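# A closer look at the structure
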Amino acid sequence: MRSIWVAARVIREISRDRRTLAFFFLAPIIIMTLVYYAIKDDQIAKIGVVTRGAARFFEMEFLNTLENDKDVRIVNLSISDEETDPQTLNRMIRKELAAGRVDGVLYMSEQMLNERFAGNEGTLHLYVEGSKPIVTSAVFGAIADAMDELAASLPVVIDSSCSSLCAESVNNKPMELKKHYLYGDDDYRTVDFFLPVLPAFFVFFFTFILSTITFQRERLRGTLERLLVAPVGFYQVIAGYVMGFFIFASLQSIIVVVYILKLIQFQFTWRQTMAFAVVILLTMLVALNLGLLASFLAHNEFQALQFIPLVILPQIFLADIIWDINGFPMFFQIISKLFPLTHANAAARDIMIRGNPLSNSWMELLILAGFIAIVFTVMSLVAHKKDKSI
Amino acid sequence: MSAAAPTPEYILKLDSVVKSFGDFTAIKGVSLTIPGKMIFGLLGPNGSGKTTMLRMITGLISPTSGVVTLMGGLNPFSTEAKSQIGYMPQNLAVYQNLSVVENLQFFGRIYGMEEKPLKERIDEVLEIIELADRRNETLANLSGGMVRRALLGTALVHRPKLLLLDEPTAGVDPVLRIKIWDTLRKLCGEGTGILITTHHISEAYRCDRVVFIRAGSIIADGPPAQLISKYGGRDLEEAFVVATHGEESAAL
């Protein structure tokens, strides 16, 4: 019977904490939804096709084959049909890939048909963006399937020296596929895609936890009140916290970054590393301010603890860390823009994988700075409300 | 702080102070002047408004109406006023992972003390709070009484002119209680004004002047002996009960 009284007390106490109840029942639903969308479909590959000369006659057939593949979306490229110079075409295709309008472009030249007619394999050119290994392999998969059918449908010239058996063998001869990577190469691994975003994630995760818990303790223990009674401004306290955490977060960033660069075994320039450090620093400042905000919003340590999965879990799914956000419904794609890690990851990949300068990510950096300003302002307002007027 | 500053006519003055939180009025028009160099007791039951008054005096919150001034005319929110106040809260608001000296150093620096005078002052404070031999010990390793003494030390390390103590002896054993009072009496003798909130009648005996507060209003004000004779009780406890609940309840 006494156990029942204990149970009744536990039930009563938990049911009075609405925030805990909401967390307890809603969190699994939200996470299951995210997992569902994350792994529901195979990766969709956006593919464009460029044909020139007599190869144009086979474009429709090739496109039809590709369209039957549900994991492929055909994209119309903004490349003029008049353009035939291979060099210019090469440049234009790369431009389309760099702009992210398409993941892979298949280029069939007249040359390919000529080679084929001469009894050779014939070379197809496949351009891929290359920085996203899952997307790249989806492009390869779709193109390989379509190529088999294309080879069978191409005309062959049979001269007197070639028997029907010979013609059969030419027809079934697979074409050669020459791959052109905009970023990376054949050795580029899936892990190389993920590693550059891990430092930002870890720094965000641990800075958030550390600042939430430490500041919560400062508040509950009453030392924050003592600081505010002393001739110290609220902003001086916050600035002190930022500087204090900065040391640890910086050390952590250095350790994580150095270790990951060793793992990736890529060659990084100093410029890349410094640009990467700027992204990590901004990420840390967002996490720090978010942590302080969470500690002010929480009434107790338990509630402070709940903020950790609340802030971290959705970002694992939606911030382009492992799963491509383009596979999620539009609603989640919009939500993902509201997460700081989405922007930190975009900048980190642009710098580390594509080797672009920091200035190329100015928009992402600006958004991260905006996050810092907004969270800091909200945090200050909440802090004043909580600690100045009780 | 200049040594030549004239002695202010009071260290704390509340003039018709009202503090409301929504519909609830916690302080209902309190006027009070503490001239300084005395131990002043704010005596009242739980929820009577003592802590709210302390929070207004320390500049954590502002009164809804009325004026709080310190040291002869300073606004409690001003840096000048804040640097002359020492505050010892009821809970153990010190850093458990720092040593006694590190805590004293931190609070001294926060109050803007120079390193050399601070070092000398820390030695003095360690003598006052009798923790000189445990100076480098982390607070987490000290007993509750020692931590409370360290807390007192952090409140007086910057030589405040006004020391505010919120229930300083709550949950403290009799030996430490006597020690704390001896320390306070000594500080008062050296010129520090001390304001203590308490709901223990026995504490109020030791004050030079006591104010009874109930439901946000002052109901009696004077030296302990004077209050006993005024309200006709045998001791301060009865005087307090009579003052707060009327004579009938005292007879019970």
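These figures come from a predicted structure and were not determined experimentally. (Residues numbered from 1 in each chain as written. Chains lettered and ligands numbered in written order. Predicted model: local features only at pLDDT ≥ 70, side-chain atom pairs only at ≥ 80, totals over all residues. Heavy atoms only, no water.)

## Thoughts on the interface of chain B and chain A
With 24 residues of chain B in contact, the opposing surface of chain A contributes 18 residues. Together chain B and chain A conceal approximately 1,900 Å² of surface at their shared face, both sides included; 55% is due to carbon and sulfur atoms. A salt bridge links Glu225 of chain A to Arg55 of chain B, with the nearest nitrogen and oxygen atoms 2.4 Å apart. Taken together, the connections running from chain B to chain A amount to 8 residue pairs in polar contact (both at pLDDT 80 or more). At the level of elements, helix H2 (79-82), helix H3 (100-110) and helix H5 (144-156) of chain B are the ones that each hand at least two residues to the side of chain B that touches chain A. Here the side of chain B that touches chain A is built from residues that sort into 15 nonpolar, 7 polar and 2 charged. (Contact = heavy atoms within 4.5 Å. Buried area = accessible area lost by both parts, 1.4 Å probe. Salt bridge = Lys/Arg side-chain N within 4 Å of Asp/Glu carboxyl O. Polar contact = N/O pair within 3.5 Å; in protein donor to acceptor, adjacent residues only side chain to side chain. Helix = DSSP H or I, 4+ residues; strand = E, 2+ residues; numbered from the N terminus. Nonpolar A, V, L, I, M, F, W, Y, C, P; charged D, E, K, R; others polar.)

## Notes on the layout of surface pockets
It is the rolling of a water-molecule-sized probe over the atoms that shows where space remains empty. Residue and element names in this part refer to chain A. Roughly 1,300 Å³ of volume is contained in the largest pocket. Surrounding the largest pocket, 46 residues form its lining, Lys132, Asp320, Asp324, Ile325 and Asn326 being those nearest its centre. Of all the secondary-structure elements, those providing two or more residues to the lining of the largest pocket are helix H2 (18-39), helix H4 (86-98), helix H6 (133-153), helix H14 (330-336), helix H15 (340-352) and helix H16 (362-388). Examining the composition of the lining of the largest pocket, we find that 7 residues originate from one element, H15, more than from any other. Taken together, the residues of the lining of the largest pocket break down into 17 nonpolar, 15 polar and 14 charged. (1 Å grid on protein atoms, 1.4 Å probe; cavity = no way out; pocket = protein on both sides within 12 Å on 5 of 7 lines; lining within 4 Å. Points joined across faces, edges and corners; volume = space filled by probe spheres on them.)

## Topic: the sheet that holds strand S6 (residues 162-166) of chain B
Residues and elements named next belong to chain B. Reading across from one edge, S5-S6-S7-S3-S8-S9 is the order of the 6 strands in this open sheet, with mixed pairing throughout. Lying at the two open borders of the sheet, with one neighbouring strand each, are strand S5 (85-88) and strand S9 (217-222). Sheet twist, expressed as the mean angle between neighbouring strand axes with direction ignored, is 15°. In this structure, strand S3 (residues 39-43) lies alongside strand S8 (residues 209-214), joined through 4 bridges in parallel fashion. Counted as the bridge partner of Gly41 is Val210 from S8. Here helix H8 (residues 224-231) sits on the sheet in contact with S8 and S9, set at roughly 110° to S9. Helix H9 (residues 236-245) contacts S3, S8 and S9 of the sheet and is inclined by roughly 40° relative to S8. (Pairing = 2+ DSSP bridges. Axes fitted to C-alpha atoms, helices over the stretch in contact; angles between N-to-C directions.)

## Considerations on the sheet that holds strand S4 (residues 65-70) of chain B
All names here are of chain B. The strand order across the open sheet formed by 3 strands is S2-S1-S4, and the pairing between neighbours is antiparallel. Since the sheet does not close on itself, it has two edges, and those belong to strand S2 (24-34) and S4, each with one partner. Each adjacent strand pair in this sheet contributes to an overall mean axis angle of 20°, direction not counted. Across 5 bridges, the pairing between strand S1 (residues 12-21) and S4 is antiparallel. Opposite Val18, over in S4, you have Ser65 as the bridge partner. Sitting on the sheet, helix H1 (residues 50-57) touches S1, S2 and S4, and the angle it makes with S1 is about 115°.

## Re a nonpolar patch on the surface
Residues and elements named next belong to chain A. Where nonpolar side chains cluster on the molecular surface, the patch consists of Leu210, Phe246, Ile247, Phe248, Leu251 and Leu281 and spans about 560 Å² of accessible area. Sort the elements by how many residues they give to the nonpolar patch and helix H11 (residues 234-264) lands first, with 4 residues. Considering the arrangement of structural elements, one finds Leu210 in helix H9 (residues 198-221). (Patch = residues over 30% accessible without salt bridge, like charges linked within 9 Å, V, L, I, M, F, W, Y side chains within 5 Å. Areas by Shrake-Rupley, 256 points an atom, 1.4 Å probe, with all protein chains shown as cover.)

## Details of the environment of Leu288 of chain A
Residue and element names in this part refer to chain A. Structurally, the position occupied by Leu288 is in helix H12 (residues 270-297). A relative accessible area of 0% places Leu288 in the buried class. When the C-alpha positions of Leu288 and Met243 are compared, they lie 10 Å apart, and in sequence the two are 45 residues distant. For Leu288, the residues in contact, after removing those within four places along its chain, are Thr207, Ser211, Tyr241, Val242 and Phe245. (Buried < 20%, exposed > 50% of the residue type's maximum accessible area, 1.4 Å probe, protein only.)

## Focus: the state of the cysteines
All names here are of chain B. Applying the stated criterion to the full structure yields 0 disulfides over all chains. A disulfide-free cysteine, Cys188 has its sulfur positioned 10 Å from the sulfur of Cys207, the nearest such atom. By relative accessible area, Cys207 is classed as buried at 5%. (Disulfide = S-S within 2.5 Å.)

## Description of the packing of aromatic side chains
A full pass over the atoms with the stated rule returns 20 aromatic pairs over all chains. With a centroid separation of 4.5 Å and 85° between ring planes, the pair formed by Phe215 of chain A and Tyr241 of chain A is classed as edge-to-face. Here Tyr241 of chain A lies in helix H11 and Phe215 of chain A lies in helix H9, a separation of 26 residues in the sequence. When its relative accessible area of 13% is taken as the criterion, Tyr241 of chain A is described as buried. Geometrically, the ring pair formed by Phe328 of chain A and Phe332 of chain A is edge-to-face, given 6.1 Å between the ring centres and 70° between the ring planes. For the pair shown, Phe328 of chain A and Phe332 of chain A are each scored as buried. An aromatic cluster of at least three residues, connected via ring pairs, comprises Phe215, Phe234, Tyr235, Tyr241, Phe245, Phe296 and Phe376 of chain A. For the cation-ring pair, Lys179 of chain A lies above Phe140 of chain A, with the distance from its terminal atom to the ring centre recorded as 4.3 Å. Above the face of the Phe107 of chain B ring, Arg226 of chain A is positioned so that its terminal group lies 4.1 Å from the ring centre. (Phe/Tyr/Trp six-rings, centres within 6.5 Å; stacked < 30°, edge-to-face > 60°. Lys NZ or Arg CZ within 6 Å of the ring centre and 35° of its normal.)

## Quick notes on the confidence of the model for chain A
Residues with a pLDDT of 70 or more make up 91% of chain A, whose mean pLDDT is 82. Considering each helix and strand of chain A separately, the mean pLDDT is smallest for helix H7 (residues 164-171) of chain A, with a value of 56, and largest for H15 of chain A, with 91. (pLDDT = per-residue confidence, 0-100.)

## Here we look at the packing of H8 of chain B against H9 of chain B
Residue and element names in this part refer to chain B. Packing of H8 against H9 leaves a shortest axis separation of 8 Å and a crossing angle of 55°. The orientation of H8 relative to H9 falls into the category oblique. As for how H8 packs across H9, the hand of that crossing is left-handed. For the pair formed by H8 and H9, the contact residues are Pro224, Leu227, Ile228 and Tyr231 on the first element and Leu236, Ala239, Val242 and Ala243 on the second. Partitioned by chemical class, the residues of the contact of H8 with H9 number 8 nonpolar, no polar and no charged. (Parallel < 35°, antiparallel > 145°, perpendicular 65-115°, else oblique. Left-handed = near helix turned anticlockwise from the far one by under 90°.)

## What about the pairing of strand S3 (residues 104-108) of chain A?
Residue and element names in this part refer to chain A. For S3, the buried fraction is high: 5 of the 5 residues fall into the buried class. Burial along S3 is two-sided: the residues Gly104, Leu106 and Met108 and Val105 and Tyr107 are all buried. When S3 meets strand S4 (residues 123-128), the two strands line up antiparallel, connected through 4 bridges. When the bridges of S4 are listed, Leu106 appears paired with Leu126.

## A look at a negative patch on the surface
All names here are of chain A. Residues Glu61, Asp145, Asp148 and Glu149 make up a contiguous surface patch of negative charge. No other element matches the 3 residues that H6 contributes to the negative patch. With respect to the helices and strands, Asp145 occurs in helix H6. (Lys, Arg positive; Asp, Glu negative; His and termini not counted. Charge placed at Lys NZ, Arg CZ, Asp CG, Glu CD.)

## Description of the environment of Leu261 of chain A
Residues and elements named next belong to chain A. Along the polypeptide, Leu261 turns up in helix H11. Using a relative accessible area of 18% as the deciding quantity, one classes Leu261 as buried. On a C-alpha basis, the gap between Leu261 and Pro196 in space is 8.3 Å, while along the polypeptide they are 65 residues apart.

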